[in-house]
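# Fold and contact review
Chain residues, written in single-letter form:
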Amino acid sequence: MKASKFLLACLCACIMGTPFGAYAEASGMPLSSAPQAMDLPIEGDMPSLKGAIGWLDAQPLTPADLRGKVVLVDFWTYSCINSIRQLPYLRAWARKYKDQGLVVIGVHSPEFAFEKNLDNVRQAVKDLRVGAPIATAIDSDHGVWLAFNNEYWPAIYIVDAHGRIRHHVFGEGEYEQTERVIQQLLTEAGAHNVDQALVSGDGKGIEAAPDLANLKSPETYVGSERAENFASKGGHLFNSRSVYAAPDALSLNHWALVGDWTIGKHSAVLNKVGGRIAYRFHARDLHLVMGPSENGRPVRFRVLIDGKPPGAAHGIDVDEQGNGTVSGQRLYQLIRQPEPITDRKFEIEFLDPGAEAFVFTFG
C-alpha cells in the first residue's frame, strides 16, 4: 500500500507495516465461517466524479446516475503492485454481482508522469484485463482523488443505494469483509437471493498474493526525492549526472547504481551502455517499475541473482538466462524465486542506453 498527499509527500506504507488481518484472505485464511450482519457507519455522501478527464468502458457517470446501485470505487494506478494484486477480486465481484446492482468503478489516479499518458493507460487496462463490466475513470489531474480526499493506492470505497459511503479499505486485503459488505448493501437495496458464497480471487502470475512470511524488503524508490539506502560510490545521489561505482558490499535492502546515470526527482536514466543496478533483498518476488526514456526505443537487459542467471527464479518478464527487454513504461516482474527464500543479491545490467528506473517493489 502506498500513501500520498497529492503525490508530493508519498511514503511507503508497505505490506510489512500493515496489520496482518488485512492480508489474511490473500493467503487463503478465512476471516469468518458465515456471514454476519455488520453495523456499517455512514461516512459521508459519495463525491462527484466530474474530475475525471475521460472514461473507458463506460459513459461518464455521476452520483445521480448511480443512485439505487451499490457502487465500489477503487483508486488504483497501473504500475502499483498492490493495485495489481487486488484485480482478481475486483474482476470477480464485478462479474458476479453486476446483475444484482453492483457497479465497479476503477479510478486510475497516476503516481508517475508516464501513467498520465492515455495510450499507456489504455494498454494497461487491456493487458491487466480491467475492461467491462468495470468502468475506468481517467483521473490524470487527480480531481476525483481530491474530491474523495483519498491518500492511498489502492483504496476502496463502497457506496450504498442512497449514495452514502458505508465502508472503505486502504491497501490490499480484507477481501472477505469487503465482499460481505457488498452482499449486505445489495440485500438492503432490495436485491433478492444474493449469493453468500465468496469469490476465490485466485491471482496468478504477477497478480499472485504476496509471500508475507518471506517478505523483508520494502518498496524502494530510485529517484532522489524519496530514495533511501543508496550505497553507490563515486558520485552523489543528488547530482544531475554522475558516474557511479559499486560499493564493496551491499547490506540488506541497500542498493546501488553502477555506470553513467542521470538522477532526477522520480527516476534515474542510464546514459551509456553497460550500466547496472544492484539490490540486496529478501522476498519471493522482485519487481522494478521502468521504461525506455524519452526516445522510446526498447532496451535489452540481463538479470543475475547472486552473480548467476536466475534459472527457476526468473520472473515473468525474464527468461531462465535472465534476458529481457524494456519495451514500455510499466512494472516488470524480474524475480519469482522458489523456496528457500534467503537474502539474495539482485543485479540488472542494461545492454542499451536509455533505460529509466523508478521504484523497486516486492512480494
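Check the entry above for the structure.
Not measured: the values here are computed from a predicted model. Per chain, residues are indexed from 1 in the order of the written sequence. Totals for whole chains, interfaces and linings use all residues, but because this is a predicted model, local features are given only for residues with pLDDT of at least 70 and pairs of side-chain atoms are given and counted only at 80 or more. Just so you know, side-chain values use all the structure's heavy atoms and leave hydrogens and water out.

With that settled, the discussion passes to the packing of aromatic side chains. Stacked, tilted and edge-to-face are the three classes applied to pairs of Phe, Tyr and Trp rings, where Trp contributes its six-membered ring and a pair requires centres within 6.5 Å; stacked means planes under 30 degrees apart, edge-to-face means over 60, and tilted covers the rest. All told, the structure shown has 23 aromatic pairs when counted by the stated rule. Between Phe-112 and Tyr-221, the aromatic rings sit 6.5 Å apart at their centres with planes inclined by 55 degrees, giving tilted as the arrangement. Taken together, the positions of Phe-112 in the loop between strand 5 (102-108) and helix 3 (118-127) and Tyr-221 in strand 10 (residues 220-221) put the pair 109 residues apart, joining distant regions of the chain. Accessibility expressed as a relative area gives 2% for Phe-112, which makes it buried. By the criterion adopted, a ring carries a charge over it if an Arg CZ or a Lys NZ lies within 6 Å of its centre and within 35 degrees of its normal. Seen from the ring of Tyr-221, Arg-226 lies directly overhead, with NZ or CZ sitting 4.1 Å from the centre. Here a strand is any run of E in DSSP of at least two residues, a helix any run of H or I of at least four, and the numbering for each starts at the N terminus. Each residue gets one of three labels from its accessible area relative to the maximum for its type: buried under 20%, exposed over 50%, partly exposed in between, using a 1.4 Å probe on protein chains only.

Moving on: the pairing of strand 15 (residues 285-292). Counting buried residues in strand 15 gives eight out of eight residues, a clear majority hidden from the surface. For two strands to be treated as a pair, DSSP must find no fewer than two bridges joining them. Sheet analysis places strand 15 next to strand 18 (residues 330-336), joined by six bridges and oriented antiparallel. Bridging across to strand 18, Asp-285 finds its partner in Arg-336. Judged from the seven bridges that link them, strand 15 and strand 20 (residues 355-362) form a sheet pairing that is antiparallel. Within strand 20, the position partnered with His-287 by the bridge is Thr-361.

We now examine the environment of Arg-164. Relative to the elements of secondary structure, Arg-164 occurs in the loop between strand 8 (155-159) and strand 9 (165-170). Counting along the chain gives 117 residues from Arg-164 to Pro-47, while the straight-line C-alpha distance between them is 9.2 Å.

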